[in-house]
Amino acid sequence: MPDLQPTCALGAPKPKTARFGVLTVTENANLALASVALRRDAGAPDLPLPGPGEWIEAEDIAVFWIGPDQWMVEGHGRAADDFAHAIAHRALGCSVTEQTDGFAAFEITSDAGAEPIRALLEKLVNVEAHCFTAGQATRTGFHHMSVFVIRRADDRLAVLGMRSAAGTIWHALTETAGRLEVTA
Amino acid sequence: MTRLSGGLIDRSRSLSFTFDGKSYTGHAGDTLASALLANGVRLMGRSFKYHRPRGVFSAGSEEPNALVELRSGARQEPNTRATVAELFDGLDARSQNRIGSLSFDLMAVNDLFSPFLTAGFYYKTFMWPRAFWEKLYEPAIRRAAGLGSLTHRPDPDGYDAGYLHCDLLVIGGGAAGLAAALTAARTGARVILADEDFRLGGRLLAESNPLEMPAPEWIAGIEAEFASLPNLRVMRRTTVWGAFDHGIYGAVERVSDHLAEPGKRVRQTLWRITARRAILASGATERHIPFANNDRPGIMLAGALRAYANRWAVSPAQRVAIFTSNDDGHRTALDLAAKGVEIAAVIDARTDILSQGSYRTIAGAQVTGSRGRLGLRRIQVTQGGTSEWLDCGALGIAGGWNPNLHLASHHRGRPQWNEAAQAFLAQEGFVPGLTIAGAAAGQGSTARALASGAEAARAALEALGITAGLPDLPQAEDASLNQYPLWHVPGQDRAWVDFQNDVTVKDIKLAHQENMRPVEHLKRWTTLGMATDQGKTSNVTALAVMAELTGQSINQTGTTIFRPPYTPVSLSVLGGGDTGPHFRPRRLTPTHDWATSQGAIFVEVGQWMRAQYFPRVGETHWRQTVDREVLSTRKGVGICDVTTLGKIDVQGGDAGEFLDRVYANAMKSLKVGMVRYGLMLREDGFAWDDGTCARLAETHYVVTTTTANAGTIYRHMEFCRQCLWPELDVQLISTTDAWAQLSVAGPNARKLLERVVDGFDLSNETFPFMACANLTICGGLRARLFRISFSGELAYEIAVPARYGNALMARLIEKGADLGATPYGTEALGVMRIEKGHAAGNELNGQTTAQMLGMGRMVSTKKDSIGAVMSRRDGMVAERRVLVGLQPVDPTDPVVAGSHLFTKGAVQDTANDQGWITSACFSPHVGSAIGLGYLENGAERMGEVITAANPLQKQSVMLRVVSAHFVDPEGVRLRA
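Predicted model only: the values in this text are computed from it and were never measured. (Residues numbered from 1 in each chain as written. Chains lettered and ligands numbered in written order. Predicted model: local features only at pLDDT ≥ 70, side-chain atom pairs only at ≥ 80, totals over all residues. Heavy atoms only, no water.)

(A) How the structure looks around the overall build of chain B. Of regular secondary structure, chain B possesses 21 helices and 48 strands. Its C-alpha atoms put chain B at 110 × 70 × 55 Å along the principal axes. Taken across its 976 residues, chain B has 59% of its residues classed as buried. Expressed as a percentage of contacts within chain B between residues at least 6 apart in sequence, the contacts between residues at least 24 apart total 66%. (Helix = DSSP H or I, 4+ residues; strand = E, 2+ residues; numbered from the N terminus. Buried < 20%, exposed > 50% of the residue type's maximum accessible area, 1.4 Å probe, protein only. Contact = heavy atoms within 4.5 Å.)

What follows is the structure, given as structure tokens:
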């Protein structure tokens, strides 16, 4: 283990969390990420390969589509590992790139089922909230930034954006969730 | 005036409000306009140009006259239409555009000068003396413009934005809209019904008996069903204000405009609605008939009089007259009479018209004048050459109805005149997926509106493959208008067409005389339709008057172009609430927190906040700090966060070939474990961006870009990959944020790094200049090391996962204490790169070439690359300006970037211009200011003294032309 103390994207040693009524927004500092792109003559990687707009959770990882022949692999709780190296072994001959600290991840959970997540989505990103159901993921604009939005479950949503803009993303998420709490 | 009977106000709830400081009482369900009328207030504003007294003219969003300032302090909002301002307890409103009181406006003197303020006066006056324009005319015009005033204080309210998607968007909640929404929502399709009013129903609320049952009863039943349909979203207080491409509509929901203070709620929300189909059921706006002095408070649209009586139970006067050219005016008279209002007369321009009630009807007559300084007292009626004066406190004018076709025309649709309807009708198809129903489509009776709304919804859903049945609709009135075309009453006195911008029939005649006859010219010359109401009550009338003058048909005259917004939209809500520090994304470097703890001063670099310099106790000027950082780095070791440079991971079997094509110089030949400086050209051959290209493995490169071009270059490379050369096996992905990258520069750089790497051999032999490697540091942390130098010193850039940026920075400073380790910011970085003669954004400004940079030979002739051929154009090759160093002859003289260079003694003009200074700084190494610049034949002029002219600051400085490398020109240090 390195003898350096990592910092979370929001600048604190520990991830931030905030609750707004039935919604909770939490910084997910332990999410490891690696991108995988198929090379011309590469074999099929030992990974689930979801289609456009899809997110699949497997045993130890989750994968979502980010472009033609390109995916992002998530490793929950594995940010401290050399995750890309591990994924490269499962994607021999593919282009694998470490992306763990390329993004700041925020997990949003609802205590009241899908409806608060749908209402939040409407205020966050231009996706068809009613159709953006569990197992879907997309890249979209968000407050002049580009983010990945993943519907992990009816009551769970994740937003992944530039790590350097974590503060801006946090502000936008918590402002919006806070306003929903007021109008709920 | 006291209240009438009935109405849809809640008399059990009284609301207090003030207007111009005086307290009044209204009821829940009132608008400010209806409440003021109920309190006997007819005078509500002053006109824009002549400051004529004005009262409420309409009962909806088309209102041209009753504009007020709402609220006070930072929440003060000018130009709010009293007709749509929902009354709330504590509402504070003031009249605007006046000096003095509303009843005694000193600016009313303008009315006396009206002969000088005619059409086109903007273009004819204020021409001389010229000097008066800036000091007098423009400030005076600006003060007069805009009607209401701003407080210039920050808006304390929150605004936000959102996105909605639906199968069908129904715009308007009147008879047609309700029928459409009901038809569609019953199928289970996703439907949005948006209406600008706070209550659904539209004109159903304004009529006495439009349906077989009381209209509020039918609406309540519909609303109950709506509430049970989860697939239907009803958006009250929501104005759909623009139709955009791809089925996207802009809408503003006034979330808390009807509350005294929004509390934690947003004030308004900007919605972007993506609809597969849409129905425009926006109703129609009544038009008036201009006659002499037709602008007095108390003169209003007949349909508005009826709405005030039926919905808000109020009449502006006890004795009312009606001037009509259709049957609708009689309807108003009947409704008012039924409420106990005395009808002075119905003046109908048509002949052979019989009275429909027990009041006087004057057929074949016209209203030819009015009296009453601050409110209508009497009207002049002329019939067959005989005139009489009738006493009345209000006059309703019924000149026909104009369909609200704005949104259907937002894609440059040109409405067509329909003789039968005596109105412009929108051409369907201009906004793909949008159909029109109800009065907006010329289907003005309630029965036809209901039927057309339902049918429009059925047809729209059918196009989406959804079958809808038509609902049972109530029996409804189906009266015809029997419109007689009367566009204005001829006369010598001023007859207003556009009330808000004070445009009269005379002005239109003048525009005609002055050949401003096309409608677009008419609009600009007279300012007709250019006010906040965008001429909703005036445009068609003006077109008809112009048609009459030119002898063309109304259709030939045509309309002006319709553009969003349909009604005014606040800039705050368009901004979506992102203001101040949240105006745009703010990106922080991985060492931001550490730098903050060290008291760094930050500077915005695009979206990034970078540490500019790190002041220490006792340093009183930023130059002291920067000089220290530079000298410490050159003497010991300096550390700077350079994460912001773009990093792009390039992998694949053809990665080398791909990079050979995007870089001017060769990259395929780069050895694994080495780095090469790279230059990219634009297609036109000019220099675009520079950076480094590191080959980490046979098929794996990492390239860096400048901070400014990080996104642009990545996008360009993706374009090349996807569109230009899809046959290449290459994959790209940005890794800018993933790695914290620190520059470690200075003679002690190696010693410092040796203290953190895990047994990695940093010797010159193993890891020479321009080497790169993957390694671990600090007990196993994966890292990348590049031996590259931007400062001219022995230097490295070390990259670790971004989460370790703060910790690594702290560790390097701690470990290097005895080596003189010093953090440095972008200022010192800039100074050192100028001292070394490295190009940056100032030199790569889009107008310079590789040859100018002294890198002409880097553009390889052994391979093709983007921009290579174009860089060999005659004009490019003939360019003689090259990058040189510049040093003042007198060391105390300044060197100012942007100064132009001239041969000593030459006349300083464009013909003799020989280049310019691109970058300048004070060099603590040299001991004077220095600069870089492009100079004609610069390479051959070393040692020559030239002149740098800075006419803006009246400076002229003697500079000596020197090598651009002020530090270590032989490159010994960086290879040490």
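Moving on, there is more to tell.
(B) Representation of the environment of B:V675 within the structure. As for its position among the elements, B:V675 is in strand β34 (residues 675-681). The sequence separation of B:V675 and B:A828 amounts to 153 residues, and the corresponding C-alpha distance is 24 Å.

(C) View of the sheet that holds strand β29 (residues 587-588) of chain B. Residue and element names in this part refer to chain B. With mixed pairing, 3 strands are arranged side by side in an open sheet as β29-β31-β30. Two strands bound the open sheet, and with one partner strand each, they are β29 and β30 (601-605). Where helix α20 (residues 826-836) meets the sheet, it contacts β30 and β31 (608-613), and its direction lies at approximately 70° from that of β31. (Pairing = 2+ DSSP bridges. Axes fitted to C-alpha atoms, helices over the stretch in contact; angles between N-to-C directions.)

(D) Main features of unusual backbone geometry. All names here are of chain B. Following P564, the chain continues to P565 via a peptide bond in cis, the omega torsion being 0°. Examined against the element boundaries, P565 turns out to sit in the loop between α12 (554-557) and α13 (571-575). Of note, A313 is a non-glycine position whose phi angle comes to about 55°, a positive value. Secondary-structure assignment places A313 in the loop between α6 (302-310) and β16 (319-324). Of note, the phi angle at M770 is positive, near 75°, even though the residue is not glycine.

(E) Representation of the sheet that holds strand β3 (residues 31-37) of chain A. All names here are of chain A. Strand order in the open sheet formed by 5 strands is β4-β5-β6-β3-β7, and the pairing between neighbours is antiparallel. Looking at the sheet topology across the chains shown, the edges are occupied by β4 (55-57) and β7 (95-98). This sheet shows a mean twist of 25° between the axes of neighbouring strands, independent of strand direction. Bridge count for β4 against strand β5 (residues 62-67) is 3 bridges, and the pairing is antiparallel. Each bridged residue has a counterpart across the sheet, and for W55 the counterpart in β5 is F64. Here helix α1 (residues 83-90) sits on the sheet and contacts β3, β6 (70-76) and β7; the angle it forms with β3, its principal contact strand, is near 40°.

(F) Geometry of the nonpolar core. Residues and elements named next belong to chain B. Membership of the largest hydrophobic core comes to 55 residues, with the highest contact counts inside it found for L32 and Y308. For this core, the element with the most residues is helix α1 (residues 32-38), which contributes 6 residues. Discounting residues that sit within four places of it in the chain, Y308 has contacts with A33, S34, L37, V56, S58, A59, T83, M300, A313 and V314. Formed by 41 residues, the second largest nonpolar core is a distinct cluster that contains L164, A426, V519 and Y566. (Core = buried A, V, L, I, M, F, W, Y, C linked by side-chain atoms within 4.5 Å.)

(G) Highlighting the pairing of β6(A). All names here are of chain A. With respect to burial, β6 is a largely interior element, 6 of its 7 residues being buried. Relative to β6, β3 runs antiparallel, the two sharing 7 bridges. Pairing of L31 across the sheet is with H76, part of β6. With 5 bridges connecting them, β5 and β6 associate as antiparallel partners. From the neighbouring strand, W65 faces β6, where its bridge partner is W71. Joining the antiparallel neighbours β5 and β6 is a turn of 2 residues, in which D69 adopts a positive phi near 60°.

(H) A look at helix α8 (residues 446-463) of chain B. Residues and elements named next belong to chain B. In a regular helix each residue adds 1.5 Å, so 18 residues correspond to 26 Å; α8 covers 26 Å between its end C-alpha atoms and thus fits that length. Buried within α8 are the following residues: T446, A449, L450, S452, G453, A454, A456, A457, A460 and L461. Next to the buried residues of α8 lie β8 (158-171), α4 (175-185), α5 (215-227), β13 (266-280) and β26 (434-436). Immediately beyond the C-terminal end of α8, within one or two residues, lies G465, with a positive phi of roughly 80°. (Expected span 1.5 Å × (residues − 1).)

(I) Molecular detail of the confidence of the model for chain B. Summarising the model, chain B shows a mean pLDDT of 95, and 100% of its residues fall at 70 or more. Both confidence scores are given for the complex: pTM 0.93, ipTM 0.98. (pLDDT = per-residue confidence, 0-100.)

(J) Looking closely at the packing of α4(B) against α8(B). Residues and elements named next belong to chain B. Interaxial distance between α4 and α8 falls to 7 Å at its minimum, and their mutual angle equals 35°. Of the two elements, α4 crosses α8, and the hand of that crossing is right-handed. Taken together, the residues of α8 that come into contact with α4 (itself represented by A175, A176, A179, A180, T183 and A184) are T446, A449, L450, G453, A454, A457, R458 and L461. Here the contact of α4 with α8 is composed, by residue class, of 10 nonpolar, 3 polar and 1 charged. (Left-handed = near helix turned anticlockwise from the far one by under 90°. Nonpolar A, V, L, I, M, F, W, Y, C, P; charged D, E, K, R; others polar.)

(K) Up close: the state of the cysteines. With the rule as written, the count across this model stands at 0 disulfides over all chains. Of all cysteine sulfurs in the structure, the one in B:C720 sits closest to B:C723, which takes part in no disulfide; the separation is 8.7 Å. (Disulfide = S-S within 2.5 Å.)

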